[in-house]
Amino acid sequence: RVDAQFDMPYLAANAIRDDTDTPYFEPYTILKKQGVKIAVIGLTNPNVPSWLSPTLWSGMHFQDIVSSLEHWVAYVKEKENPHIIIAAMHSGLGDEDKNDLENPSRYVAKHVKGIDLVLASHDHRVAVEKYMNGDKEVLLLEGGSRASNLSKADISFDIKDGAINNLVMEGHTIKIAGVAPDKEYMDYFRD
């Protein structure tokens, strides 16, 4: 029902249909901005069955984030050939050297090859961090909770012969204090 209300893709590569063993929602989307092709792979927290009633996730099961992401990064690279790959994950920060089921964001940033930016959201913490993943730097952002902050990534690069060169990502946390809520949004959800 929520998916049908969105005018955007609802991404969850690791929420898998029980009947077909394929993603229940779209696994990724492609954004094109000024000639740059950006793949966004979305993942939900695989620990959902521990928190929510089965009636809310009937007909699906959840794969762990790391193995699902490894599959989808390879798939997207082969099929879409994007310039940049973003992992947008409902997962907490965790530890950079431990693949924790619920909180693998730091682990993903350091160990899953092919990703340029990790957007985390689960443990309500604020983070702007960089990790060396092989020979490249991966930016990790988490904006905290209750819309008190907004994570922002500034990305600069050159394109030569269709390839990205000199990719630099800088992350920022923007405080939302003092920003008035959108009246139309608040009225719609007031009840």
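The structure under discussion appears in the preceding block.
The present account deals with the structure reproduced in this document. All residue numbers here refer to positions counted from 1 along the written sequence of the relevant chain. Where local features are concerned, this predicted model is filtered to residues with pLDDT of at least 70; where side-chain atom pairs are given and counted, the filter is 80 or more; whole-chain, interface and lining totals use all residues. For side-chain calculations, the full set of non-hydrogen atoms in the structure is used, while hydrogens and water are omitted.

**Considering the environment of Ala 74**
Test applied: Numbering of helices and strands starts at the N terminus; helices are DSSP runs of H or I of at least 4 residues and strands are runs of E of at least 2. Here the term buried applies to any residue with accessible area under 20% of the maximum for its type, exposed to any over 50%, and partly exposed to those in between, with areas from a 1.4 Å probe on protein chains only.
With respect to the secondary-structure elements, Ala 74 resides in helix α3 (residues 65-80). You can call Ala 74 partly exposed: its relative accessible area is 45%. When the C-alpha atoms of Ala 74 and Gly 114 are compared, they prove to be 7.9 Å apart, with 40 residues separating the residues in sequence.

**Points about the nonpolar core**
Note the threshold: Among buried residues, those of type Ala, Val, Leu, Ile, Met, Phe, Trp, Tyr and Cys that are joined through side-chain atoms within 4.5 Å constitute a nonpolar core.
Within the largest apolar cluster, 26 residues are counted, with the highest numbers of intra-cluster contacts made by Ile 41, Leu 69, Met 89, Val 108, Ile 115 and Val 118. Mapped onto this core, the elements with two or more residues apiece are β3 (36-43), α3, β5 (84-89), α4 (105-111), β6 (117-120), β7 (126-133) and β8 (136-143). When residues of this core are assigned to their parent elements, the largest contribution, six residues, is made by α3.

**Quick look at the sheet that holds β3**
Heads up, the condition is: In short, DSSP must find at least two bridges between two strands for them to pair. Only the stretch in contact is used when fitting a helix axis, every axis being a line fitted to C-alpha atoms; angles between N-to-C directions are given from 0 to 180 degrees. Any two residues having at least one pair of non-hydrogen atoms within 4.5 Å are treated as being in contact.
Overall, mixed pairing links the six strands, which are arranged β2-β3-β5-β6-β8-β7 in an open sheet. Of all strands in the sheet, those with a lone pairing partner are β2 (28-33) and β7, marking the two edges. Going across the sheet, the axis of each strand differs from the next one's by a mean of 20°, ignoring polarity. Contacts from α3 reach β2, β3 and β5 within the one sheet, and its direction differs from that of β3 by about 155°.

**Side note on the packing of aromatic side chains**
Let me state the cut-off plainly: Pairing of aromatic rings covers Phe, Tyr and Trp, the last counted by its six-membered ring, and requires centre-to-centre distances within 6.5 Å; plane angles under 30 degrees mean stacked, over 60 mean edge-to-face, and any other angle means tilted.
A full pass over the atoms with the stated rule returns nine aromatic pairs. For the ring pair Tyr 188 and Phe 189, a centre distance of 4.8 Å and an interplane angle of 80° mean the geometry is edge-to-face.

**Describing the pattern of salt bridges**
Where we set the bar: For this document, the term salt bridge refers to a Lys or Arg side-chain nitrogen within 4 Å of an Asp or Glu carboxyl oxygen.
What the rule picks out here adds up to twelve salt bridges. Of the charged contacts, one joins Asp 187 and Lys 183 as a salt bridge, the two residues approaching to 2.7 Å between their closest N and O atoms. Note that Asp 187 and Lys 183 are positioned in helix α5 (residues 183-189) at a spacing of four residues, about one turn of the helix. Of the residues examined, Asp 187 reaches a relative accessible area of 38% and is grouped as partly exposed.

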